[in-house]
Amino acid sequence: DVKVTQSSRYLVKRTGEKVFLECVQDMDHENMFWYRQDPGLGLRLIYFSYDVKMKEKGDIPEGYSVSREKKERFSLILESASTNQTSMYLCASSLFGGLGSGANVLTFGAGSRLTVL
Amino acid sequence: AQRVTQPEKLLSVFKGAPVELKCNYSYSGSPELFWYVQYSRQRLQLLLRHISRESIKGFTADLNKGETSFHLKKPFAQEEDSAMYYCALNGADKLIFGTGTRLQVFP
């Protein structure tokens, strides 16, 4: 019963290529998030979205953009991939944000490991 | 500033030993804290949250506002507990994660 699906498990791209990472959730969640996971740095938030066509910058948005045309789909775009974007990318969703019981309980995808040569 | 600190990158124990993974936070309001876990080749998943005051897989975590800590504890570690553990703080519009602690439990 996979709930958050990331389209690519492993990708290898060359410097300067445009990269699309796709994420789909089937839980009707409002919120979706893109993180990158690096050893020793933990999870760092790239972008998030509270609703269709809405996006908010996270902590490290430089070099990335996102698209959310439908509620269930949240895409991460690397306009011109660079070697320092080699990482594991995690997509997550949550029912709602803010404070309070259950808020921001994230369901994660399996991850997309991107290597930029 | 909102921040989560996990001071240990790696914690190694033998099976049956007690485990404590440390987490300290910085937050001006009333904090909501979580522990997430990632087992080898599995997705990152919620382990427990302080508001539930629950014990999951033998793990507990108590919020100590005086020490601004939310340490994860288990009295007797098992080999299957080996994983990456992340402490997270609800910063209202997003979760703020620590850098993670890798727990290795040796037989």
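These numbers were taken from a predicted model, which means no experiment stands behind them.

(A) Representation of unusual backbone geometry. One non-glycine residue, Asp28 of chain A, lies in positive phi territory at about 60°. As for its position among the elements, Asp28 of chain A is in the loop between β4 (23-25) and β5 (31-38).

(B) View of the pattern of salt bridges. All told, the structure shown has 11 salt bridges over all chains when counted by the stated rule. For Lys94 of chain B, the salt bridge identified is with Asp59 of chain A, shortest N-O distance 3.0 Å. On the criterion of chain membership, the pair formed by Lys94 of chain B in the loop between β9 (83-90) and β10 (95-97) and Asp59 of chain A in the loop between β7 (56-57) and β8 (65-70) is interchain, its members lying in two chains. Residue classification places Lys94 of chain B among the buried residues on the basis of a relative accessible area of 15%. Between Glu20 of chain B and Lys73 of chain B there is a salt bridge, and its shortest N-O distance comes to 3.6 Å. Placement of the pair is Glu20 of chain B in strand β3 (residues 19-21) and Lys73 of chain B in strand β8 (residues 72-74), with a sequence separation of 53 residues. We classify Glu20 of chain B as partly exposed; its relative accessible area is 29%.

(C) Geometry of the side chain of Asp38 of chain A. Residues and elements named next belong to chain A. On the secondary structure map, Asp38 appears in strand β5. By relative accessible area, Asp38 is classed as buried at 11%. What Asp38 contacts, discounting residues up to four positions off in sequence, is Arg44, Thr86 and Ser87.

(D) Structural view of the interface of chain A and chain B. Each partner contributes residues to the interface: chain A has 27 residues there, and chain B has 20 residues. Summed over both sides, the interface between chain A and chain B buries roughly 1,900 Å², with carbon and sulfur atoms accounting for 52% of that surface. Counting the contacts that link chain A with chain B gives one salt bridge. Remark: the boundary between chain A and chain B carries six residue pairs in polar contact (both at pLDDT 80 or more). For the side of chain A that touches chain B, the secondary-structure elements that each account for two or more residues are β5 and β6 (42-49) of chain A. The greatest single-element share of the side of chain A that touches chain B, amounting to four residues, is contributed by β6 of chain A.

Analysis parameters
Residues numbered from 1 in each chain as written. Chains lettered and ligands numbered in written order. Predicted model: local features only at pLDDT ≥ 70, side-chain atom pairs only at ≥ 80, totals over all residues. Heavy atoms only, no water. Helix = DSSP H or I, 4+ residues; strand = E, 2+ residues; numbered from the N terminus. Salt bridge = Lys/Arg side-chain N within 4 Å of Asp/Glu carboxyl O. Buried < 20%, exposed > 50% of the residue type's maximum accessible area, 1.4 Å probe, protein only. Contact = heavy atoms within 4.5 Å. Buried area = accessible area lost by both parts, 1.4 Å probe. Polar contact = N/O pair within 3.5 Å; in protein donor to acceptor, adjacent residues only side chain to side chain.

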